Amino acid sequence: MAPQNQGTELDLTWISEVQVNQPAVLRRAEQIQTRRTMKKDWQAAWLLKAVTFIDLTTLSGDDTSSNVQRLCYKAKYPIREDLLKALDMQDIGITTAAVCVYPARVCDAVKALKDVGCKIPVASVATGFPAGQTHLKTRLEEIRLAVEDGAKEIDVVINRSLVLTGQWEVLYDEIRQFRKACGNAHLKTILATGELGSLTNVYKASMIAMMAGSDFIKTSTGKEAVNATFPVAIVMVRAIRDFFWKTGKKIGFKPAGGIRTAKDSLAWLSLIKEELGDEWLKPELFRIGASTLLSDIERQDKIHKRAIAQGQRNQSRKD
Amino acid sequence: MAAAAAAAAAATGAGEAVTGEAATGQSMGKSSVQSIFFSLDYGPAPESPSTALAWLETQGPNLGHFVNGKWLKPDGQGTITCRDPSSGEFLANCFQAKNEDVALAVDVAKRTFEEWSQLSGATRAQHLIRLADAIHKHQKLLWTLESLASGRVVREIRDGDIPLAHQLLQYYACWAQTQEQALSGWQPIGVAVIVLPPTFSFIEMMWRVSPALAVGESGLAREPLGPGWGCLTPTTTTLPASWVIRSPHPTLLSSHWVSLMGSPPRSSRALPGWGAPQGARGPCRDGELQPPSSVQVFQVGNASQKSPFFPPTLVLGLAPASPCTQREVPWPVVVISPFRTAKEALAMINGTPRGGNASVWSERITLALDLAYGVRMGTVWINSHGLKDAVAPVGGCKETGSSWHGGPDGLYEYLWPAGLLPRPVALPEAMDYNKFGLSAPPVLPSGPDTSPPSQTAPYGIFLAGRFQNPSSRSSRPILGSSGTVYAHVAEGGAKDIRTAVEAAHQAAALWVSQAPGKRVSMLWALADALSQRSQVLAEQLTEVMGVGITEAQTEVMLSIARLRAWGARVHAQGAGLHSAGHQGPFLRLREPLGVLAIICPEEWPLLAFVSLLSPALAHGNAVVMVPSGACPLPALQFCQDVASLLPPGLVNVVPGDRDHLTRCLALHQDVPALWYFGSAQGSQFVEWASAGNLKAIWVNGGQSRSWDQEPEGAGPELCLRAARTKTLWLSLGDI
């Protein structure tokens, strides 16, 4: 894992004059989805890469140890062995980036991953997920307990009311305390962008979260009406870029919620490549929060076809 | 980078297409999926050009002239080879047309025009829609062919040009459908010749062809594929100069430069004022930047890379006076210059000879609108760049030329006031442009004035609000209808014209900022003042022009009516807010031309003068006028009221030798627009002169107009000519 972001002093001048040009963001978002197409081997390779960015997630009221166990197994073996073999990718060790569960399921997940011999981290949501409308004291306690249980990454939600009322100092202090409570665990801050009111607020909240020491900024809980969208993502990655230019620190980005199809995942990768560059295309700096995306990727015809084509090629070489 | 990538994609296109899905030929040491997994490169995503190539195949190696619905392939003609600009591969040959080919095409177009223009608007609309549908159905052929021939990325054409072409045909079909009502005062010009530079693409042709077809024109378009049709030059000079389309110039590049059209990416951030031609993209083979040493140049990618296209380039620190700044900047070169205040930025932008488009970026709406109104450009985008829509007119001013396409303005380019005979299309006469009106013949006193004291007109040149002595210090006799000298008027010359233009420029700036209501009251006050003088004016007209007193009185009454009518129209000049779908709304503004020079016709000395003056003033222009040569007296008489009612310099009247004064005005670099009503030869001279300084002109080609008739003397054509359109895109959305 990348070293932690220790944050910076709060500097409100970084956000005070920011204005987001929404029509331009929308046009860029529209363009980014159609601009690049990946075909053949490229598509297969990109899809497999997308798998390695997934925070395989289950956040349901009916989660039990058994389905968490299944999830962890899937995280270790996300793609069928025979397909990987056919593509000559069996030795790469493709796993998802992490599994993400509720705090009460962290123990189950840690154990299950240990059982299958998988070293990927367990991420836990915390701080009154998904609304964040609980007392600060209990929110902090939630983080500590999840870390005690073995979570290596904590996905915290911010208190949206602080953004909507413009209490940036308070927001900064809260996240700062989250950071402290995390200890050695990584802090991923969920902005719940669907409830922030405007793209300008999304930018400001992103900046505050990074200044306060988040290792990742994350779009949504998956529980809001509007989740990860490309316009919001563009604003957030531009904030990441600005923060990098100001401080030299690379902060990760995690879109979550509503990313269900393999085609979507390719567009997300393409967005990161175009806006932040190849350096960000690694699990330390880019994650996709998803529960059903993986099965769609595995279902992709293209992977199968390429696997078959590659198989034939290998066959003919042997002959 | 995009350009280079696209070129690479296009270059590998052909090979990739044949390889096909099986890809059995590959054999690499490491699995290719594995290497891509680690490098995360974009693979080639070529669009197979097979559709386009198959179509070219059906045409044989030679593309003919498309005349009368058939491909004509005349024998024994020279050809020009069209190549794929990114790979240099042969695509097809185009014939070099000869005079007889053009004559044949013109003939066919003339015949077709008879039928086509007689069709009802609704029928024409159906035809246009059918054409639009054909584009929709065969779009793949179109975009692959266009991409192949221009080297542009398929995406730009597929997602931009093709839908736009469809939209254009549909939009103008709407006009055709309602033509009988919406365009009742207009008729089609006839056969339109559209000459496009070799760099112009399919969509550029569609911008111009669609409206022409809609209003019942039959057209000839020069094929954008290759540099054919060399012999069209004589025809082009008979076109109004507003049609002059200048192709982009070579700028920073040292040697040859063939520009290609390419739309700028929508998210581009050009500085305000960079009227970069909508994406003229220059391929460069051995061109290198040779800027002054103080200039910083940033380029994407390695300049030595073998790409047929110029890389995206950023130039910093170029002084506004540098020749590079003054010239047109091709896409994708962006020049960034710092400015201290918004006022300075405005001065820098308006200081360039270009008037195409600009974008203004500011979150302060007061500042953004102020700048957008202030820049002299055809299109201004606020907080956006490069938006296009069939409904939004695109054009410009200054060196960009004043022709329009898109929106209603694109339509009027092909229309002519109903009832007026179209200008005869004739090859220009041989004339010595260098001698036309070079100097005024000397005038000698030829007898005493015989006008009665009550009819004595004021003496002098009307400059800057008062009558001044002519710089020539001589006078010209005006003969009465009986042949005796009626009066003498001052003889104006080049120096008076210069003073007049200067005075007009000063007055124009103030007049624009006047509230429209103020203009109304001034025009109406002039009408009242004129009616006070009606007796004297009518007498002068009878004495000099030899018309009956009733006719003379009618002329005066009509003149008064004109002033009132144009006063009333000040508030209704066709400006308005339009919607362009999800791209946001835009304003179609009508802005004054600035200083307008008007050479009045010989006939109707008072009525024509007032009919031309009133729309010019109503639209906010300042004028320099040359009155009728035979009878300038009523105009000068009228100036006495102008002196007392209007700010000085707004109206300047210079009597004298018309040819000489026309020459002075037509060649004046600081007169943005000129209307000429006189001889055919004079019109030809004005057209020739305007090709040098690109002023907006309106000439009558030696044809007379019935100034007493409503459509010709006070019709919508005057309205159209007296102001210039500006399209101001407003960016919208923050919720």
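This structure is a prediction, so every number in the text was calculated from the model and none was measured.

### Description of the environment of N5 of chain A
Residues and elements named next belong to chain A. Looking at the secondary structure, you find N5 in the segment before α1 (13-16). Residue classification places N5 among the buried positions, given a relative accessible area of 5%. A polar contact of 2.8 Å, which involves the side chain of N5, links it to the backbone oxygen of S214.

### Thoughts on the packing of aromatic side chains
Residues and elements named next belong to chain B. Per the counting criterion, the structure on display carries 23 aromatic pairs over all chains. For the pair F586 and W729, a centre-to-centre distance of 5.1 Å together with 40° between the ring planes defines the contact as tilted. Separated by 143 residues along the polypeptide, F586 in strand β22 (residues 585-592) and W729 in strand β28 (residues 723-729) bring together distant segments of the chain. Judged by its relative accessible area of 0%, F586 falls in the buried class.

### Comments concerning the sheet that holds strand β8 (residues 288-290) of chain A
Residue and element names in this part refer to chain A. Reading across from one edge, β7-β6-β5-β4-β3-β2-β1-β8 is the order of the eight strands in this open sheet, with parallel pairing throughout. Of all strands in the sheet, those with a lone pairing partner are β7 (252-254) and β8, marking the two edges. Strand after strand, the sheet turns through a mean of 25° between neighbouring axes, direction not considered. The pairing of strand β4 (residues 153-157) with strand β5 (residues 186-190) spans five bridges and is classified as parallel. The residue bridging I154 from the neighbouring strand is L187, located in β5.

### Quick word on the nonpolar core
Of all hydrophobic cores here, the largest spans 108 residues; its most connected members are L48, V99, F253 and I297 of chain A. Looking at this core, the element that brings in the most residues is helix α11 (residues 230-247) of chain A, giving ten residues. For F253 of chain A, the residues in contact, after removing those within four places along its chain, are F216, I217, T219, A233, M236, V237, I240, W268, I272, L285, F286 and R287 of chain A. Grouped together as the second largest cluster of nonpolar side chains are 90 residues, A507, F638, V653 and Y676 of chain B included.

### Observations regarding the UniProt feature "domain: Aldehyde dehydrogenase" (unreviewed entry) in chain B
The feature "domain: Aldehyde dehydrogenase" (unreviewed entry), as annotated in UniProt, sits at residues 71-216, 304-415 and 481-702 of chain B in this numbering. A helix fraction of 53% and a strand fraction of 18% characterise residues 481-702 of chain B, whose end C-alpha atoms lie 23 Å from each other.

### Topic: the domain arrangement of chain B
For chain B, the domain assignment lists domain 1 (49-250) and domain 2 (461-572 + 592-723). Distance from the C-alpha centre of domain 1 of chain B to the C-alpha centre of domain 2 of chain B: 41 Å.

### A look at the packing of helix α21 (residues 658-667) of chain B against helix α22 (residues 680-693) of chain B
Residues and elements named next belong to chain B. At a closest axis distance of 9 Å, the pairing of α21 and α22 adopts a crossing angle of 20°. On the basis of their axis angle, the class for α21 and α22 is roughly parallel. Once α21 is placed against α22, the crossing between them reads as right-handed. Touching T662, R663, A666 and L667 of α21 are F685, V686, W688, A689 and N693, all from α22. Per-class residue counts for the contact of α21 with α22 are six nonpolar, two polar and one charged.

### Considering the interface of chain A and chain B
Counting from both sides, the interface comprises 40 residues of chain A and, opposite them, 37 residues of chain B. Between chain A and chain B, roughly 3600 Å² of surface is buried when both sides are summed, and carbon and sulfur atoms account for 52% of that area. Linking chain A to chain B there are eight residue pairs in polar contact (both at pLDDT 80 or more). Those elements that place two or more of their residues in the side of chain A that touches chain B are α2 (22-35), α3 (40-52), α12 (262-275) and α14 (301-318) of chain A.

### Observations regarding the sheet that holds strand β11 (residues 296-299) of chain B
Residues and elements named next belong to chain B. The sheet built from three strands is open, its strands ordered β11-β12-β13 with mixed pairing. If you trace the sheet from one side to the other, it starts and ends with β11 and β13 (333-336), each paired once. Looking at each pair of strands side by side, their axes are set apart by 15° on average, direction ignored. Of the pairings in the sheet, the one linking strand β12 (residues 313-316) to β13 comprises four bridges and is parallel in character. Across the sheet, the residue bridging to L316 is I336, located in β13.

### Re the pattern of salt bridges
According to the stated counting rule, one finds 39 salt bridges over all chains in the structure shown. A salt bridge links D528 of chain B to R564 of chain B, with the nearest nitrogen and oxygen atoms 2.7 Å apart. Of the two residues, D528 of chain B is situated in helix α16 (residues 516-532) and R564 of chain B in helix α18 (residues 549-568); the sequence distance between them amounts to 36 residues. Taking relative accessible area as the criterion, R564 of chain B reaches 34% and is therefore assigned partly exposed. For R533 of chain B, the salt bridge goes to D641 of chain B, with nearest N and O atoms at 2.8 Å. Taken together, the residues R533 of chain B in the loop between α16 and α17 (534-545) and D641 of chain B in helix α20 (residues 633-645) connect sequence positions 108 residues apart. One network of salt bridges, in which partners are shared, links D55, E153, D155, K188, K218, K254 and R287 of chain A.

Procedures and definitions
- Residues numbered from 1 in each chain as written.
- Chains lettered and ligands numbered in written order.
- Predicted model: local features only at pLDDT ≥ 70, side-chain atom pairs only at ≥ 80, totals over all residues.
- Heavy atoms only, no water.
- Helix = DSSP H or I, 4+ residues; strand = E, 2+ residues; numbered from the N terminus.
- Buried < 20%, exposed > 50% of the residue type's maximum accessible area, 1.4 Å probe, protein only.
- Polar contact = N/O pair within 3.5 Å; in protein donor to acceptor, adjacent residues only side chain to side chain.
- Phe/Tyr/Trp six-rings, centres within 6.5 Å; stacked < 30°, edge-to-face > 60°.
- Pairing = 2+ DSSP bridges.
- Axes fitted to C-alpha atoms, helices over the stretch in contact; angles between N-to-C directions.
- Core = buried A, V, L, I, M, F, W, Y, C linked by side-chain atoms within 4.5 Å.
- Contact = heavy atoms within 4.5 Å.
- UniProt positions renumbered as here; feature names shortened; annotations may be inferred.
- Domains from an automatic or database assignment.
- Parallel < 35°, antiparallel > 145°, perpendicular 65-115°, else oblique.
- Left-handed = near helix turned anticlockwise from the far one by under 90°.
- Nonpolar A, V, L, I, M, F, W, Y, C, P; charged D, E, K, R; others polar.
- Buried area = accessible area lost by both parts, 1.4 Å probe.
- Salt bridge = Lys/Arg side-chain N within 4 Å of Asp/Glu carboxyl O.

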